[in-house]
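Examining the three-dimensional arrangement
Chain by chain, the residues:
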Amino acid sequence: MPPLQYLMLDLVVILAAAHLCGTAAKRLGQPRVIGEIAAGLLLGPTALGHLAGDAVFPAESIPALKILAAVGLTLFMFIVGMELDHRVMRGRARVVTGLALGSTLLPLALGCALALRIAPGYADGATLPFVLFVGVAVSATAFPVLARILADRGMQRTLIGGIALSAAAVIDIIAYTLLSLAVALNSAAGNEAWRLLLVPVYVAVLFTLVRPLLRRTITAAEPLPWLFVGLFASALAAEWLQIHYIFGAFAFGVAMPRDEAFLHRLRQRLEPAVILLLPVFFAVTGLTVDLTDLRLGEFGLLGVILAISVLGKVVGGYGSARLFGIPHRDSATLGALVNTRGLTELVILSVGLEQGLIDVELYAMLVVMALVTTAMTGPLLSAFNPTGKSPNRPPTPGPRREAARTAVAEHRVEHVPAPRQAAPAPEPSGPE
């Protein structure tokens, strides 16, 4: 069969599997993205085996699929960047910052400690970037998936939902910053490491020169072509600087002017492309994962990864919320919410594998961790906070009286404006 026909066949299989598995996930009370990620794994050697998988996805069709996946990932990261808004922290910066740091630092430390222990067997390159990468991988939170979960449960306009979503946005920024540092450290040994010195220049140009141009561009009659030019130019610049193209797409989205109406229209126009291309990214991910190759001892390591990922996030989130006087049940709810990983985790893992920071076996285990922790969010919410509401009760008095009093004052408002809810995440695949 000619390569073009194979590509068309692969798209038919990928899109059909993503839709069927996504629908099944929704019926089970899970985010659609869980089903779509699972579809990618089912299309890989874990379920189909190498012979059947090679018959459907031959080697000559993989490069084209990877290119389509890269375009979809670029559009997705652009959407994530433009959805982040510093105004989500308005009026609750201390609580949000404390929750973000608490639910990041604990799993980051646990992940780095584990990485130091397993580095001799799983680090493909230098130890330091490997250790930092594993720490980032277990400490990430999926801002887009969390937004969808909160919307599905009607929690997007509650105070707890607003705090969780704001903290997830901060965690995303921390995760992508640390990931870019890990990639930079890994690239520093190359002959063109000098390019990394130009990263601050790139950021300065983007926010001081490009952003004013974007304000003019969005008022044009047809701004989309020029936005695409800027988006892919930014991704190209980041790739040339050796910090990976996803950071260029993400930064370009952050640099977009905060015009709510325009961003909502722009997202609606980008959704069809994201719906088409993100399942291709999941499929490319699944083609790389073969859980049948894991040795018996590696399932023990998978259990350790799951334990430190879940405990680090839930305990870190719960403890930091309690420090700010948030009641016990709401603190547990926040801990469960920041444990969501989803697509953000897959993006991080794909960068790590592509850059040679981790090997295929550890990559497979971390993909499973991303699936399990995201699937846990719904059941944990039902256990910790079955009503999804935020009760108006004062926190327990303690030595941090002033911080607690501030949290109480914020906590008395049951409903708050949700950040950027005018443009909800797309139902079929979008940035969940």
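Basis of the calculations
- Residues numbered from 1 in each chain as written.
- Predicted model: local features only at pLDDT ≥ 70, side-chain atom pairs only at ≥ 80, totals over all residues.
- Heavy atoms only, no water.
- Salt bridge = Lys/Arg side-chain N within 4 Å of Asp/Glu carboxyl O.
- Helix = DSSP H or I, 4+ residues; strand = E, 2+ residues; numbered from the N terminus.
- Buried < 20%, exposed > 50% of the residue type's maximum accessible area, 1.4 Å probe, protein only.
- Phe/Tyr/Trp six-rings, centres within 6.5 Å; stacked < 30°, edge-to-face > 60°.

**Let's talk about the pattern of salt bridges**
- One pass over the structure, following the stated rule, counts two salt bridges.
- One salt bridge connects E222 with R269, and the closest N-O pair in it is separated by 3.3 Å. In this pair, E222 sits in the loop between α9 (199–217) and α10 (224–240) while R269 sits in helix α12 (residues 260–288), placing the two residues 47 residues apart along the sequence.
- We classify E222 as partly exposed; its relative accessible area is 38%.
- Where R295 meets E298, a salt bridge forms, and the shortest distance between an N and an O atom there is 3.1 Å.
- Residue classification places R295 among the exposed residues on the basis of a relative accessible area of 53%.
- Note on E298: relative accessible area 2%, which makes it buried.

**What about the environment of A55?**
- Note on placement: A55 falls in helix α3 (residues 45–56).
- Residue A55 is classed as partly exposed on the basis of its relative accessible area, which comes to 48%.
- Between the alpha carbons of A55 and Y6 there is a distance of 9.7 Å; along the sequence they are 49 residues apart.

**Side note on the packing of aromatic side chains**
- In this structure the tally under the stated criterion is four aromatic pairs.
- Measuring from ring centre to ring centre gives 6.4 Å for F228 and F232, while their planes differ by 40 degrees; the resulting arrangement is tilted. Of this pair, F228 and F232 both sit in helix α10, four residues apart, which is roughly one turn of the helix.
- Between the aromatic rings of F281 and F282, the centroid separation amounts to 6.0 Å while the plane-to-plane angle is 50 degrees, which identifies the pairing as tilted. For the pair shown, F281 and F282 are each scored as buried.

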